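# Topology and contacts: notes
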Amino acid sequence: MKICRTIADCRAEVASYRAAGERVGLVPTMGFLHEGHMALVTAAQEDCDRVVVTIFVNPTQFGEAADLEAYPRDEDRDFAMLRTAGVDCVLVPPVEEVYPQGDETIVETTRMANMLHGLVRPGHFRGVTTVVARLFNFVQPDVACFGEKDYQQLKIVRRMTRDLAFPIEVRGVPTVREADGLAMSSRNVRLGPEDRAAARVLCDALDHAESWAATPRTVEGLRATITDVIKGQPRATLKGLDIVEAETLDEITGPLTSPAAIMLSAEFGGILLIDQRVVFP
Ligand code: PAF
């Protein structure tokens, strides 16, 4: 596995794949890898001859310096996991190359970035699209894989890719879950044992919503079902519950007439966790 510490190194490596006519997949990450990331790697490997993973804890998508500082890092473990998975190349770019001195260029999906989770974390999605556009440009892959768990992020990256005409197929990969249903996240390790046990309520609430059989299924009914399940878990503080049109992320009300995305977030002992599900009428 080739480890590149500069963009130039990575470009040279990818050029050698291209020269051999190989198809290249990209998995952008912020490191501290878990099974969810490895599912992205597997998805990229299914589609491509070569897989490049980037590890970059992107400062522009963190609201507070403290969050950036607290973000877990373990490069050696990440490399070992990627090597075992048969990844071809890892790019760990220095911050000065991703954001050169005097940098003043941003990429933003102006509507989608400033709704839903974007309202709770101002500037977050602008940071994501700004770095993803740069990573796309560094690696120039054929395919890039993103988790469906970060549903709004996936939709935003798709919109940016279309708007800027990047010749890249953005692939959404289903969420990988712990045995009890909790969506994998690098934040899970920060939960104490009681909060970790309680956190399964997120998935339980979505299961309830999905299997809820009333006719017609309404947005208000879904909302009430989910809220009741979350409120039944005293360790959970419901932070966000958005039920939106699955493609546009527009708010919907009344009977479901098209697929709806449920975006759920709750805090457990101060740790914010998210989960999502697309449900059908
Ligand atoms: O989902 C993530 O880990 C990050 O938002 C991403 C896409 C790697 C951009 O920094």
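Right above here is the structure, for reference.
What this report covers is the structure whose coordinates are included nearby. (Residues numbered from 1 in each chain as written. Predicted model: local features only at pLDDT ≥ 70, side-chain atom pairs only at ≥ 80, totals over all residues. Heavy atoms only, no water.)

The rolling of a water-molecule-sized probe over the atoms marks out the regions of remaining empty space. Estimated volume of the second largest pocket: approximately 150 Å³. Every residue along the wall of the second largest pocket is listed here: Met30, Gly31, Phe32, Ile55, Phe56, Val57, Arg73, Asp74, Glu75, Asp78, Val92 and Pro93. (1 Å grid on protein atoms, 1.4 Å probe; cavity = no way out; pocket = protein on both sides within 12 Å on 5 of 7 lines; lining within 4 Å. Points joined across faces, edges and corners; volume = space filled by probe spheres on them.)

With omega at -5°, the peptide bond leading from Thr215 into Pro216 counts as cis. Although it is not a glycine, Leu116 adopts a positive phi angle of roughly 50°. When you line up the elements, Leu116 lands in the loop between helix 5 (95-98) and helix 6 (117-120). (Helix = DSSP H or I, 4+ residues; strand = E, 2+ residues; numbered from the N terminus.)

The next subject is the pattern of salt bridges. For the structure shown, the criterion picks out 19 salt bridges. The shortest N-O distance in the salt bridge between Asp195 and Arg235 comes to 2.8 Å. In this pair, Asp195 is assigned in helix 9 (residues 193-198) and Arg235 in the loop between helix 11 (219-231) and strand 7 (236-245), connecting sequence segments 40 residues apart. Classification of Asp195 by relative accessible area gives buried; the value is 10%. Classification of Arg235 as partly exposed rests on a relative accessible area of 37%. One salt bridge connects Asp204 with Arg200, and the closest N-O pair in it is separated by 3.5 Å. The exposure class assigned to Arg200 is partly exposed, which follows from its relative accessible area of 36%. In this structure, a network of salt bridges that share partners links the residues Glu22, Arg50 and Asp88. (Salt bridge = Lys/Arg side-chain N within 4 Å of Asp/Glu carboxyl O. Buried < 20%, exposed > 50% of the residue type's maximum accessible area, 1.4 Å probe, protein only.)

That's the geometry; what it means functionally is another story.
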